[in-house]
Amino acid sequence: MRNPPRRVFLLSTLHHSLISTIAGMSWLSVKLNLNGRDCVVIGGGQTAARRARSLLAAGAKVTIIAPSVDEHLASMKDLSIVERAYQPGDMHGRFLAVIATDDPCVNDAAAEEATRAGVLVNRADDAGAGDVTFPASAAVGRVTLSVDTDAALPGAARAMRDELAAAIDPDWHATIDIASARRLRILADVADPAERRERIRRLTDADAIALFKSGGEKTYRRFCQSLASGQAVAPLAKGTHD
């Protein structure tokens, strides 16, 4: 039997992970690969539907176990629905369990079985009692924004998510597409570690973004190509992107 999993926190960040605190415990913000993983949702209400939708979007194989299910759950494709109450053995072979019923006794029993089996647990009724929480997330091109208030006010997290998503500069989409390919070239072709880090940093620093805005995509693409060429690259001259 696997040891109970370390506590993880579902949060997609563009550059780095963060530490947050729920119920006095430290949580690490990470991305979790659920592609093809067997996940179970105990419960059939609106919360279960939201969590199931997130799991499906991440490529998980999702099974719903509940005596009855919300109409949104019933209309979802690519999931299995078992119309009965939770029973012991439902955690066998699972990677992650979302526990979202309105019965505390059922929630406790399901969580206890999952923990014994080494299954990651998300508790809709008590975030601090599980291993995983679901932040308010939005995908904007290749950028994933996630906001969490340490379970204090989920509605505020959703509002901030929407505000931040609307504020992302649309030029980032093209910038990331161009720079990501050149980053791979730099990693492959530039031998010196310090030089690699510097060239990768310059792909998307303030000067590079300003160059994109003033000179357009073709000018920015040429600049990225020069960084990826392995040859010496001088700093952008002052006024280049004024």
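See above for the structure.
Residues numbered from 1 in each chain as written. Predicted model: local features only at pLDDT ≥ 70, side-chain atom pairs only at ≥ 80, totals over all residues. Heavy atoms only, no water.

Draft legend 1. Quick peek at the overall build of the protein chain. Check the secondary structure of the protein chain and you find 7 helices and 10 strands. When the 242 residues of the protein chain are sorted by exposure, 37% land in the buried category. Contacts in the protein chain between residues far apart in sequence, at least 24 positions, make up 52% of those at least 6 positions apart. Summed over all atoms, the accessible surface of the protein chain reaches about 13,500 Å², with 52% contributed by carbon and sulfur. (Helix = DSSP H or I, 4+ residues; strand = E, 2+ residues; numbered from the N terminus. Buried < 20%, exposed > 50% of the residue type's maximum accessible area, 1.4 Å probe, protein only. Contact = heavy atoms within 4.5 Å. Areas by Shrake-Rupley, 256 points an atom, 1.4 Å probe, with all protein chains shown as cover.)

Draft legend 2. Here's a closer look at the sheet that holds strand β5 (residues 61-65). Overall, parallel pairing links the 5 strands, which are arranged β6-β5-β4-β7-β8 in an open sheet. Edge positions in the sheet fall to β6 (79-82) and β8 (120-123), since each has one partner strand and no second. Neighbour to neighbour, the strand axes of the sheet diverge by 20° on average, direction disregarded. Of the strand pairs in this sheet, strand β7 (residues 96-99) and β8 are connected by 4 bridges, and their pairing is parallel. The residue bridging A97 from the neighbouring strand is V121, located in β8. Taken strand by strand, helix α3 (residues 104-116) contacts β4 (38-42), β7 and β8, and its axis lies near 160° from that of β8. (Pairing = 2+ DSSP bridges. Axes fitted to C-alpha atoms, helices over the stretch in contact; angles between N-to-C directions.)

Draft legend 3. Representation of the environment of R51. Relative to the elements of secondary structure, R51 occurs in helix α1 (residues 46-57). Under the relative-accessibility criterion, R51 is labelled buried at 17%. Those residues in contact with R51, other than ones at most four positions away along the chain, are V98, N122, A124 and F134.

Draft legend 4. Looking closely at the packing of aromatic side chains. If you walk through the whole model with that rule in mind, you get 1 aromatic pair. Each ring, one from F212 and one from Y220, has its centre 5.5 Å from the other, and the planes form 75°; the classification is edge-to-face. A residue is classified by how much of its surface remains accessible, and Y220, at 0% relative accessible area, is buried. When the ring centre of F95 is taken as reference, the NZ or CZ atom of R37 above it lies at 4.2 Å. (Phe/Tyr/Trp six-rings, centres within 6.5 Å; stacked < 30°, edge-to-face > 60°. Lys NZ or Arg CZ within 6 Å of the ring centre and 35° of its normal.)

Draft legend 5. Just unusual backbone geometry, in detail. A positive phi angle is found at D78, which is not glycine, with a value near 65°. Along the polypeptide, D78 turns up in the loop between α2 (71-74) and β6.

Draft legend 6. Representation of the pairing of β4. Counting buried residues in β4 gives 4 out of 5 residues, a clear majority hidden from the surface. Two elements, β4 and β5, share 5 bridges in a ladder whose sense is parallel. Bridge pairing in β5 links V41 to I64. Viewed along the sheet, the connection from β4 through α1 into β5 turns out right-handed. Inspection of the sheet shows β4 paired to β7 by 4 bridges, in the parallel sense. Each residue of the ladder has a partner; that of V41, found in β7, is V98. (Right-handed = clockwise from strand over helix to strand, strands pointing away.)

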